[in-house]
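Tertiary structure, described
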Amino acid sequence: MNYRHAFHAGNFADCMKHALLVWLVGALQRKPAPIFVLDTHAGTGGYDLMAEDASRTREAEAGILRLLADPPPALADFVGLVRRIQDGGGSRVRSENLYPGSPLLIRALLRPDDRLACCELHDQDYPALRRLFARDPQTATHHRDAWEALGGLLPPKQKRGLVLIDPPFEAPDEFDRLARGLAAGHARFPTGVFAAWYPIKRLAAVRGFHHAMQASGIRDIVTAELLLREPLDPSRLNGCGLLVINPPFRFETEALPLLLALRDALCGAEPGAAATILRLADE
Ligand SMILES: C[S@@+](CC[C@H](N)C(=O)[O-])C[C@H]1O[C@@H](n2cnc3c(N)ncnc32)[C@H](O)[C@@H]1O
């Protein structure tokens, strides 16, 4: 396990994943019944953009720092939430250099009866995550393997909820493992909303993943993708996607403006920059 998210925090891929995550949590909260959120690959929870790791890559400059400097109206919920957490809203931490990871973003949105469970396997990253939520009765942290947790922590007693799967894509078979993990999680929690992030380097690998999901027999699958450029060079992160099973009502119409705003703000003028939403399986 070499991947450390601190090097990439707040980059364009985080902005895409987190803007859609904020929308998904909000959509689930349209109904008053409590929700459960499982963040299977949680990271440390939040990142200091001035720390050595992040300042070495400076990826946030082409991501959240650009959005904070000139927030696109369509991304007001996401950018406003980042700003609110930086300002100390929700009280966990306060710093204008903080970039909230998925656990802090989700936590800031929870209503009193909602619950969050976060898993992180890395020995160096887990202690920070545990400290962040040590005295929080609404959030459980687990030093636990994500794929195993999909079996162990699902289904939740709330019966409604979201599972965010955000693997590091270090292993060559990560797309296969993701497809297997989604099938296993969905079998245990068929009514849950599942959101799985993936990188777009080589188009063939992505299309293979789409086909595997279509062949799984799972219904109601949509995928949102943001491309920085045509994916011709497989050594670069050319874009990313978020595959959603059981997308909440209006996902396709309401997520598209978010993606288009991300494309306009974060994708340069390279040919092939694009924002798309594709339905992979009907309801
Ligand atoms: C892309 S990062 C997560 C970022 C986080 N979801 C966010 O949006 O802020 C992936 C994380 O998964 C952790 N990880 C890798 N393999 C894991 C596994 N099998 N189970 C749980 N965590 C794992 C890595 O240590 C890393 O912190």
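Residues numbered from 1 in each chain as written. Predicted model: local features only at pLDDT ≥ 70, side-chain atom pairs only at ≥ 80, totals over all residues. Heavy atoms only, no water.

Glancing now at the packing of aromatic side chains. In this structure the tally under the stated criterion is seven aromatic pairs. Ring geometry for phenylalanine 169 and phenylalanine 175: centres 4.9 Å apart, planes at 65°, overall edge-to-face. For phenylalanine 175, a relative accessible area of 15% puts it in the buried group. Ring plane angle 65° and centroid distance 5.3 Å describe the contact between tyrosine 198 and phenylalanine 209, whose orientation is recorded as edge-to-face. Of this pair, tyrosine 198 sits in strand β7 (residues 193–200) while phenylalanine 209 sits in helix α9 (residues 203–215), and the two are 11 residues apart along the sequence. Phenylalanine 209 sits in the buried class, given a relative accessible area of 2%. (Phe/Tyr/Trp six-rings, centres within 6.5 Å; stacked < 30°, edge-to-face > 60°. Buried < 20%, exposed > 50% of the residue type's maximum accessible area, 1.4 Å probe, protein only. Helix = DSSP H or I, 4+ residues; strand = E, 2+ residues; numbered from the N terminus.)

Every one of the 22 residues lining the ligand counts as a neighbour, but His18, His41, Glu120, Asp145 and Asp166 are closest to it. Here alanine 146 contributes a backbone N or O atom positioned 2.8 Å from a nitrogen atom of the ligand. At a separation of 2.8 Å, a nitrogen atom of the ligand approaches a polar side-chain atom of aspartate 166. The protein chains hide 97% of the 610 Å² of surface that the ligand would expose on its own. At the level of secondary structure, the elements contributing two or more residues to the shell around the ligand comprise α1 (12–28) and α7 (146–152). (Near = heavy atom within 4 Å. Polar contact = N/O pair within 3.5 Å; in protein donor to acceptor, adjacent residues only side chain to side chain. Areas by Shrake-Rupley, 256 points an atom, 1.4 Å probe, with all protein chains shown as cover.)

Okay, the packing of α1 against helix α5 (residues 102–109) next. It is the contact of α1 with α5, at a shortest axis distance of 10 Å, that shows an interaxial angle of 25°. In terms of orientation, α1 lies roughly parallel with respect to α5. α5 is crossed by α1, and the crossing has right-handed handedness. Facing α1, whose interface residues are His18, Leu21, Val22 and Val25, α5 presents Ser102, Leu105, Ile106 and Leu109. Its residues assigned to classes, the contact of α1 with α5 comprises six nonpolar, two polar and no charged. (Axes fitted to C-alpha atoms, helices over the stretch in contact; angles between N-to-C directions. Parallel < 35°, antiparallel > 145°, perpendicular 65-115°, else oblique. Left-handed = near helix turned anticlockwise from the far one by under 90°. Contact = heavy atoms within 4.5 Å. Nonpolar A, V, L, I, M, F, W, Y, C, P; charged D, E, K, R; others polar.)

All right, on to the sheet that holds strand β4 (residues 115–119) then. Here we have eight strands laid out as an open sheet, ordered β5-β4-β1-β6-β7-β9-β8-β10, and mixed in their pairing. Looking at which strands have only one partner, the edges of the open sheet turn out to be β5 (139–142) and β10 (274–281). Neighbour-to-neighbour, the strand axes of the sheet open up by a mean angle of 15°, direction not taken into account. One ladder, built from seven bridges, connects strand β8 (residues 221–227) with β10; its direction is antiparallel. By the bridge assignment, leucine 227 is partnered in β10 with alanine 274. The strands that α1 touches are β6 (161–165), β7, β8 and β9 (239–245); relative to β9, the one it contacts most, it runs at about 20°. (Pairing = 2+ DSSP bridges.)

Under the definition given, this model contains 16 salt bridges. Across the salt bridge formed by glutamate 225 and arginine 207, the nearest N and O atoms sit 3.9 Å from each other. Residue glutamate 225 is found in strand β8, and its partner arginine 207 is found in helix α9; the two are separated by 18 residues along the sequence. Taken together, the shared-partner salt bridges connect Asp14, Lys17 and Asp166 into one network. (Salt bridge = Lys/Arg side-chain N within 4 Å of Asp/Glu carboxyl O.)

Okay, the environment of proline 199 next. Counting through the fold element by element, proline 199 comes out in strand β7. Through-space distance from the C-alpha of proline 199 to that of leucine 226 is 9.8 Å; in sequence the pair is 27 residues apart. If near-sequence neighbours (up to four positions away) are discounted, proline 199 is found in contact with Phe169, Phe175, Val206, Leu237, Gly239 and Cys240.

Let us look at α1. For α1, which comprises 17 residues, the first-to-last C-alpha distance of 25 Å matches the rise-based estimate of 24 Å (1.5 Å per residue) to within 8%. Most of α1 is tucked away, with 16 of its 17 residues classed as buried. (Expected span 1.5 Å × (residues − 1).)

The subject of this paragraph is the nonpolar core. Formed by 96 residues in total, the largest nonpolar core has its most connected members in Ile64, Phe78, Leu182 and Leu262. Sorting elements by how many residues they give to this core places α1 first, with 13 residues. Setting aside its immediate chain neighbours within four residues, leucine 262 contacts Cys15, Met16, Ala19, Leu67, Leu75, Leu226 and Cys267. (Core = buried A, V, L, I, M, F, W, Y, C linked by side-chain atoms within 4.5 Å.)

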